[in-house]
Amino acid sequence: MAARAPAHPHGGHPPTVEGRLRPALALRRNVVEFAQRSWQEHGDVVRMVVGPRGLDREMWWLHHPDAAAKVLSGAAWRSFAKRDQVYDEIATWLGRGLLAAEGEDWTRQRRVLQPVFTHAAVNDYTDLMVEEMESVISGWPVAAAPTPVDLGERMQHLTLRVVLRALFGESASDATQRVRRSFPALSAAIISRGLTPLRLPAAIPTAGVRRARAARADLVDLVDAMVEARRSGRTTGGDDLLGHLLTARDGERLLSDGEVRAQALVFLLAGHETTSSALTYTLHLLGRHPDVQDRLRTEVHDVLGERRPSATDAASLPETTAALKEAMRLYPSAPVLGRLAVEDDEIMGYPVAAGTSVVVAPWTIHRHPDFWVDPLIYDPSRFTTNGPRPQPAHRYAWMPFGGGPRACIGQHFSMVESVLALALILRSHRVAPTRSTDADHLPVGAHLTLVPTTPVLATLSRLP
């Protein structure tokens, strides 16, 4: 790795990426590769200017936990708002739900939605989730000989089925194909338009915009139909998320249909793509490390036996949780987090002007050698109490769910879902690598979440 610039130069510009067009094209091509290269070549705080003069914008890339803490937490977090181009596109296509809301609107939404994601509320959804997990996993085909499967494809199907069941209950059975068909077009439009230095108005019907419009219309129709059926009493919900949203109150007022839709669309996005990413890379790494996989399987059998797990069982599976957290360190589902400086401030000794886009990069922070011993090695013992490579004390050295007040509200839901899904998979299947995936580290990129650029192949053999 190239020598990094001093962390606290006290004034002046950070090291700057040369050029305007070539770096912008590299950023659009693969944001993860760009983040990695900018850090290796320029240091912990990196500046770039993209776009033609007069229409350009300044971006800072932040690869250090101190910079993340400055932007995401403490007294200054409101100085760095979710108003960059990516979040603007999220609001345009998915609505201004909790993920993209700002200011008092965000404060109000967070207050209204917090009860939906308490530990007690997640316990209500867990039976639905586990029932769906068991149904999907038991339906995986049994091959006469180990046959490679695409872990990413299989985990996306699993987590989408689970999140739809948690969201819509028994009404979710016909929604899977519609969501799988529509969300990729929306994600592609959001990230492509969010990262381009010259963004055309959304009213101009480019091919990508037309696909995104059709996809959004399909998803809006799906969610609105579910809400209308529930409001009218034609369908009834048990302890699913939609039922909680429909009874959530903003003071004395119930949420409107549009507000319920915006939260449901964000939950669909965050609830299946991030979890499928975490499970995909965890299973890939466990296939490469059979000793770790065997320890987890032993823990699962000791804790669960053959019974159906509940939400409280997730806390009784520390080895399984550690294996998942370490995979999320190496492969964070949100590899970059964008903000916009809304007033003049400073980051690690550099003055940053209002209007500057800042990008916190968990991808590089999770691999920073000043905070992680042997950062490229997969070692779940980092997240246990007695490992040879301890987890660093810095709060922002590990941040797969973001940090500060804007940290993901659904992180407990996600961890419970991920731990229990991993436990059920390992209880019934063994994962092994194929020759085409003969290394821990895989090529990746990012849409709205981390994605593999090639299929993540492995064999999943059913245990006797």
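Residues numbered from 1 in each chain as written. Predicted model: local features only at pLDDT ≥ 70, side-chain atom pairs only at ≥ 80, totals over all residues. Heavy atoms only, no water.

Side note on unusual backbone geometry
- Positive phi values are uncommon outside glycine, yet M348 reaches one of about 50 degrees.
- Looking at the secondary structure, you find M348 in the loop between β8 (345-347) and β9 (350-352). (Helix = DSSP H or I, 4+ residues; strand = E, 2+ residues; numbered from the N terminus.)

Remarks on the packing of helix α12 (residues 290-304) against helix α13 (residues 318-330)
- Interhelical geometry of α12 versus α13 gives an angle of 140 degrees and a closest axis separation of 8 Å. Regarding the angle of α12 to α13, the classification is oblique. The segment α12 lies against α13, with R295, L296, E299 and V300 engaging P318, E319, T320 and A323. (Axes fitted to C-alpha atoms, helices over the stretch in contact; angles between N-to-C directions. Parallel < 35°, antiparallel > 145°, perpendicular 65-115°, else oblique. Contact = heavy atoms within 4.5 Å.)

Description of the nonpolar core
- One finds W61, L158, L286 and Y331 to be the most contacted residues of the largest nonpolar core, which totals 128 residues.
- Ranked by residues supplied to this core, first place goes to helix α11 (residues 257-288) with 12 residues.
- Excluding residues within four positions of it along the chain, L158 makes contact with M133, V136, I137, L279, A421 and I425.
- Within the second largest apolar cluster, 22 residues are counted, among which are A76, A334, Y350 and I365. (Core = buried A, V, L, I, M, F, W, Y, C linked by side-chain atoms within 4.5 Å. Buried < 20%, exposed > 50% of the residue type's maximum accessible area, 1.4 Å probe, protein only.)

What to know about the pattern of salt bridges
- Inspection of the entire model under this criterion finds 33 salt bridges.
- Measuring nitrogen to oxygen at the nearest pair gives 2.8 Å for the salt bridge that ties R108 to D105. Here R108 pairs with D105, and both are found in helix α5 (residues 103-113), just 3 residues apart, close to one helical turn.
- Classification of D105 by relative accessible area gives partly exposed; the value is 26%.
- With a shortest N-O distance of 2.7 Å, E326 and R329 are connected by a salt bridge. One end of the pair, E326, and the other, R329, are both in helix α13, 3 residues apart, so they sit about a helical turn from each other.
- If you follow the salt bridges from partner to partner, you end up with D105, R108, R111, D250, R253 and E259 in one network. (Salt bridge = Lys/Arg side-chain N within 4 Å of Asp/Glu carboxyl O.)

Re α5
- Within α5, the full set of buried residues consists of W106, Q109, V112 and L113. Looking straight down α5, one finds that the buried residues subtend no more than 130 degrees of arc, so they occupy a single side. When the buried face of α5 is taken as reference, the exposed residues oriented beyond 90 degrees from it are E104 and R111. (Arc of directions from axis to C-beta.)

As for the side chain of H366
- With respect to the helices and strands, H366 occurs in the loop between α14 (362-365) and α15 (411-428).
- The buried category is assigned to H366, whose relative accessible area is 0%.
- Here M399 takes part through its backbone nitrogen, which lies 2.8 Å from a polar atom of the side chain of H366.
- The contact partners of H366, leaving out residues within four places of it in the chain, are M328, R329, P332, W372, A397, W398, M399 and P400. (Polar contact = N/O pair within 3.5 Å; in protein donor to acceptor, adjacent residues only side chain to side chain.)

Examining the sheet that holds strand β10 (residues 357-360)
- Reading across the sheet, the 5 strands line up as β1-β2-β10-β7-β3 and stay open at both edges, with mixed pairing between neighbours. Among the strands making up the open sheet, the edge pair consists of β1 (45-50) and β3 (80-81).
- Pairing between β3 and strand β7 (residues 337-341): 2 bridges, direction antiparallel. Looking at β7, one finds that A81 is bridged to L340. (Pairing = 2+ DSSP bridges.)

A few points about the environment of V179
- Among the secondary structure elements, V179 is positioned in helix α8 (residues 176-195).
- Linking V179 and L164, residues 15 residues apart in sequence, is a C-alpha distance of 9.3 Å.
- Discounting residues that sit within four places of it in the chain, V179 has contacts with L160, L164, P184, L219 and L222.

Focus: the packing of aromatic side chains
- Per the counting criterion, the structure on display carries 9 aromatic pairs.
- Geometrically, the ring pair formed by F117 and F267 is tilted, given 6.1 Å between the ring centres and 45 degrees between the ring planes. With F117 in the loop between α5 and α6 (119-138) and F267 in helix α11, this pair connects stretches of sequence that are 150 residues apart.
- Judged by relative accessible area, F117 falls into the buried class, the value being 11%.
- For the ring pair Y125 and F413, a centre distance of 5.9 Å and an interplane angle of 55 degrees mean the geometry is tilted. Of the two residues, Y125 sits in helix α6 while F413 sits in helix α15, which places them 288 residues apart along the sequence. Of the two residues, Y125 and F413, both sit in the buried class.
- Chaining the aromatic ring pairs together yields one cluster made of F117, Y125, F267 and F413. (Phe/Tyr/Trp six-rings, centres within 6.5 Å; stacked < 30°, edge-to-face > 60°.)

Just distances and angles here, no functional claims.
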